[in-house]
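The residues making up each chain are set out below.
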Amino acid sequence: MSTLLAPNATKERPILFSGPMIRAILNGSKTVTRRVIKEQPVNAAYMASLPQQDAWMWKSPKLDAGYCHTNRHAMERLMVENCPYQAGLKLWVRETFSIIDADEGPAVMYRATDHPDHKPWKPSIFMPRWASRITLEITEIRVERLQEITNEDAEAEGIETLCHWGICGGRGYVPQNHTATEPEPCRCSDLDDRENYA
């Protein structure tokens, strides 16, 4: 399940993010998040030896009828309709934090951006609503297979582009401070990651 995010939207629920994802949200590079659908669909064509290849079964926690037999397009539409996350829902972000005594009263420190050496930190799961500094609004939801993610989708998730050899940093050339005295082309620029490393 992929969800497009926008800063600030009537209902609210908490969501946890790690430090790197908090920094990506704050710098504007993370605009999408994904969550695994808890009840995974089953390809019914293989289970029942059905002749059609597009036969799926899915059980929604919200539906009392049990498994729904359907094709993939209809199943994905049903998943969106029954998703607990819907457009307009506000998500207040929980992150690793600490409450300290300041001159003006209690203050909140955030491990992602404030003095990472400070101790003790409290796990994000214990963050109260009042201490959250980030509120996001869901603008769109969709269902997709993880294998269908594109490079653009990964970047919208806040992922930094790196080559397979880890030396060009996605620039397509080896930096001067590596082993070569002059920049040279990196082999990753000649490859299509999804074709060669699927």
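Residues numbered from 1 in each chain as written. Predicted model: local features only at pLDDT ≥ 70, side-chain atom pairs only at ≥ 80, totals over all residues. Heavy atoms only, no water.

To continue, consider the overall build of the protein chain. The helix and strand tally for the protein chain stands at 5 helices and 12 strands. Burial status across the protein chain gives 34% buried among its 198 residues. When the accessible area of the protein chain is evaluated, it comes to approximately 12,900 Å², of which 52% is carbon and sulfur surface. (Helix = DSSP H or I, 4+ residues; strand = E, 2+ residues; numbered from the N terminus. Buried < 20%, exposed > 50% of the residue type's maximum accessible area, 1.4 Å probe, protein only. Areas by Shrake-Rupley, 256 points an atom, 1.4 Å probe, with all protein chains shown as cover.)

On to the pattern of salt bridges. Enumeration over the complete set of coordinates arrives at 9 salt bridges. Close ionic contact of E157 with R34 constitutes a salt bridge, the shortest N to O distance being 2.8 Å. Of this pair, E157 sits in the loop between α4 (151–156) and β11 (173–174) while R34 sits in strand β3 (residues 32–34); the two residues are 123 residues apart in sequence, bridging distant segments of the chain. The exposure class assigned to E157 is buried, which follows from its relative accessible area of 12%. Through salt bridges with shared partners, one network takes in K30, R34, E140, R142, E144, D153 and E157. (Salt bridge = Lys/Arg side-chain N within 4 Å of Asp/Glu carboxyl O.)

Here S98 is to be found in strand β8 (residues 97–102). Owing to a relative accessible area of 5%, S98 belongs among the buried residues under this scheme. A distance of 3.2 Å separates a polar side-chain atom of S98 from the backbone oxygen of P120. Ignoring sequence-local partners within four residues, the contact set of S98 consists of A107, V108, M109, H118, P120 and W121. (Polar contact = N/O pair within 3.5 Å; in protein donor to acceptor, adjacent residues only side chain to side chain. Contact = heavy atoms within 4.5 Å.)

So, about the packing of aromatic side chains. Within the structure shown, the criterion is met by 0 aromatic pairs. Over the ring of Y85 we find R13; its NZ or CZ atom is 4.6 Å from the centre of that ring. For R133, the ring lying beneath its charged end belongs to Y110, and the centroid distance is 4.1 Å. (Phe/Tyr/Trp six-rings, centres within 6.5 Å; stacked < 30°, edge-to-face > 60°. Lys NZ or Arg CZ within 6 Å of the ring centre and 35° of its normal.)

Another point: helix α1 (residues 19–26). Listed as buried for α1 are M21, I22, A24 and I25. Buried residues of α1, seen end-on, are gathered within an arc of 165° and therefore sit on one face of the element. As for α1, its buried residues are in contact with β7 (90–94) and β10 (135–142). Just downstream of α1, G28 is the residue with a positive phi angle, here 85°. (Arc of directions from axis to C-beta.)

Taken together, the side chains of L16, I125 and F126 present a nonpolar region at the surface, about 300 Å² in accessible area. Examined against the element boundaries, I125 turns out to sit in the loop between β9 (105–110) and β10. (Patch = residues over 30% accessible without salt bridge, like charges linked within 9 Å, V, L, I, M, F, W, Y side chains within 5 Å.)

Looking at where L26 falls in the secondary structure, it is placed in helix α1. Along the sequence, L26 and I134 sit 108 residues apart, while their C-alpha atoms lie 8.5 Å from each other. Apart from the residues within four sequence positions on either side, L26 is in contact with T113, R133 and I134.

Our focus in this paragraph is the nonpolar core. Counting residues in each nonpolar core, the largest one holds 15 residues, and the members touching the most others are F17, L91, V93 and L136. Elements that contribute at least two residues to this core include exactly α1, β7 and β10. (Core = buried A, V, L, I, M, F, W, Y, C linked by side-chain atoms within 4.5 Å.)

Here we take up the confidence of the model for the protein chain. For the protein chain, mean pLDDT is 75; residues scoring 70 or higher make up 64% of the total. Confidence, expressed as mean pLDDT per element, reaches its minimum in the protein chain at helix α5 (residues 193–196) with 39 and its maximum at β7 with 96. For the stretch residues 172–183, pLDDT sits under 50, and the model shows 19 contacts to residues farther than four places along the chain or on other chains. Under a pLDDT of 50 for its full length, residues 191–198 has, in the predicted model, 9 contacts with residues more than four places off or in other chains. (pLDDT = per-residue confidence, 0-100.)

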